[in-house]
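Structural overview
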Amino acid sequence: MRIRKMKIVIIGDGKVGHKLTLQLSEEDYDIVLIDQNAGKLKEALNQMDIFCITGNGVDVEVQKQADVPHADLVIACASTDEMNMLSCLLARRLGARHTIARVRNPIYYRQIDILKEDLHLSMVVNPELIAANEIARILLFPAASKVETFMKGRVELVEHVLREESLLEGLSLVEIYQKFQIKILVCAVKRGNEIYIPDGDFVLRKDDRLHIAAGHRELEMFFKSVGRKRVRVKKVLIFGGGNVCFYLASQLIQIGMQVKIIEKNKEKCEYLCEALPKATIIHGDATDHDLLLEEGIREADAVVALTGMDEENIITSLFAKTQGVNKIIAKVNEDSRAQMVEGLGIDSIISAKSAAADAIVNYVRARRNSYSSANVETIYRLLNGKVEAMEFIIKEECSFTNVPLKDLPTKPNHLIACIGRKRKIIIPGGDDHLEVGDSVIVVTKDHIINKFTDILA
């Protein structure tokens, strides 16, 4: 069956809207972008193969001009939550099949189930909550610099940087599997500016950035075996008291961590004191090194830099590094800055806009593939978007089921990393096969995969 082009209307060319338009424009979608700023739209037109309309997304005439009545999906990520929800309500009334609204305010988000039902929203995206969840996962697994989850949390894909004197340095992947006898799979490696989907002969070097897939227990055993003892994070110091901080601190307090927040806006401090009575709130400037020393940065197990400015987050993270903090996480929204920061030795970089864009792309791909033999469930973009890890559910018997993987010809730079079958997690070898109902994680480099058969030669 030929899948027709999906028609997608995106309202708002801000950080999330622009990132999302950029990602979706690389694929075969019919995209219309609405924004009130003609200059920004001109820039977007020069960058991407899309159609642009200057106007307000809550104006019915503007939506009609964008052909919203025939849209498969309308995504509202303008500057305010109210505007996004109203835009989606109008879009549904006009005939759009599905709508997604970005909703950031914690008050709205607490009652999102009611709002979602009344506004007929297909999905609600909260970039700050997604970013907070990502940071919480990293703090629970501090040996990793990034943690993504598949198969409803049963499989983790972690990023780990080889630092000096690692037991893995100089070993090929085959030697690692033979030596440690733990079922893990190194499915992508970044070395300098090069990215590899490695085979068994690939030899690891210092500063390699590995992406490892396995069950949580196997990962813990593996890191313990290579000398990375699990150091439990107990004391967390957060710079910046915005929405990401609020969502993150709420989670960390719930799991028993001590949280101290430094925020320079007095009103935000007062709000956080009321909203988070178990956290310590300090009214001050996180770029003041004397204040950080006074507030115990050297005793912190982890520092999370979440101010509204990338530069501040980078500077404070580098200072935390000089003070010997083991785990440092920085929120850096600008892609070019994020790449630069990696080179400075700050392993964990979080971007709320990228996390939100990825969540929406997940949904779009799932809708697009709802009629194919294998549905896309989850997608993560790794290593600045150069590598994608995708989870498929095999829905029906077809040409690639019940065939040993060694007889299944896959294209270069594609890897079947993991199979979930009922309650079992399989790190596949050549004799394994795929069955109906399996969850399959595929890792691919420099390619857009829309359906499972795209990986087959």
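Refer to the structure printed above.
Attention here is on the structure that accompanies the text. (Residues numbered from 1 in each chain as written. Predicted model: local features only at pLDDT ≥ 70, side-chain atom pairs only at ≥ 80, totals over all residues. Heavy atoms only, no water.)

**So, the overall build of the chain**
- When helices and strands are counted, the chain shows 15 helices and 22 strands.
- In terms of C-alpha radius of gyration, the chain reaches 23 Å, essentially the compact-globule figure of 23 Å for 457 residues.
- Based on the C-alpha atoms only, the size of the chain along its principal axes is roughly 65 × 65 × 40 Å.
- Burial analysis of the chain (457 residues in total) assigns 56% to the buried set.
- Within the chain, contacts between residues separated by at least 24 positions form 61% of all contacts whose residues are at least 6 apart in sequence.
- The average position of the 61 basic charges and that of the 64 acidic charges among the side chains of the chain differ by 3 Å. (Helix = DSSP H or I, 4+ residues; strand = E, 2+ residues; numbered from the N terminus. Rg over C-alpha atoms; globule rule 2.2 N^0.38 Å. Buried < 20%, exposed > 50% of the residue type's maximum accessible area, 1.4 Å probe, protein only. Contact = heavy atoms within 4.5 Å. Lys, Arg positive; Asp, Glu negative; His and termini not counted. Charge placed at Lys NZ, Arg CZ, Asp CG, Glu CD.)

**Details of the layout of surface pockets**
- Estimates place the volume of the second largest pocket at around 820 Å³.
- Around the second largest pocket, the lining is made up of 46 residues, and of these Lys15, Arg104, Glu128, Gly308 and Lys331 lie nearest the centre.
- Breaking the lining of the second largest pocket down by element, the ones donating at least two residues are helix H1 (15-25), strand S2 (29-35), helix H7 (127-140), helix H10 (243-254), strand S13 (258-263), helix H11 (266-275) and helix H15 (352-368). (1 Å grid on protein atoms, 1.4 Å probe; cavity = no way out; pocket = protein on both sides within 12 Å on 5 of 7 lines; lining within 4 Å. Points joined across faces, edges and corners; volume = space filled by probe spheres on them.)

**Side note on the pattern of salt bridges**
- Throughout the structure, instances matching the rule amount to 20 salt bridges.
- With its nearest N and O atoms 3.2 Å apart, the salt bridge here joins arginine 381 to glutamate 388. Neither arginine 381 nor glutamate 388 differs from the other in exposure class; each is buried.
- Through salt bridges that share partners, Lys7, Asp30 and Asp67 make up one connected network. (Salt bridge = Lys/Arg side-chain N within 4 Å of Asp/Glu carboxyl O.)

**Overview of the sheet that holds strand S9 (residues 185-191)**
- With antiparallel pairing, the 5 strands of this open sheet are ordered in space as S7-S8-S11-S9-S10. The sheet is open, and its two edges are formed by strand S7 (146-150) and strand S10 (194-196), each paired on a single side. Taken pair by pair, the neighbouring strands of this sheet meet at an average axis angle of 15 degrees, ignoring direction. (Pairing = 2+ DSSP bridges. Axes fitted to C-alpha atoms, helices over the stretch in contact; angles between N-to-C directions.)

**Concerning the pairing of strand S20 (residues 414-421)**
- Here S20 lies mainly inside the structure; 8 of its 8 residues are buried.
- Strand direction decides the pairing type here: S20 and strand S22 (residues 439-445), joined by 6 bridges, are antiparallel. From the neighbouring strand, isoleucine 416 faces S22, where its bridge partner is valine 442.
- As paired strands, S20 and strand S21 (residues 424-426) are joined by 3 bridges and run antiparallel to one another. Across the sheet, the residue bridging to arginine 421 is lysine 424, located in S21.
- Linking S20 back to S21 in an antiparallel pair, the connection comprises 2 residues, with lysine 422 at a positive phi of about 55 degrees.

**So, the packing of H7 against H10**
- Direction vectors running N to C along H7 and H10 enclose 45 degrees, while the axes themselves pass 8 Å from each other. When the axis of H7 is compared with that of H10, the two are oblique. Considering the relative orientation of H7 and H10, their crossing is right-handed. Where H7 abuts H10, its residues Glu128, Leu129, Ala131, Ala132, Asn133, Ile135, Ala136 and Leu139 lie against Asn243, Val244, Tyr247, Leu248, Gln251 and Leu252.
- When its residues are assigned to classes, the contact of H7 with H10 shows 10 nonpolar, 3 polar and 1 charged. (Parallel < 35°, antiparallel > 145°, perpendicular 65-115°, else oblique. Left-handed = near helix turned anticlockwise from the far one by under 90°. Nonpolar A, V, L, I, M, F, W, Y, C, P; charged D, E, K, R; others polar.)

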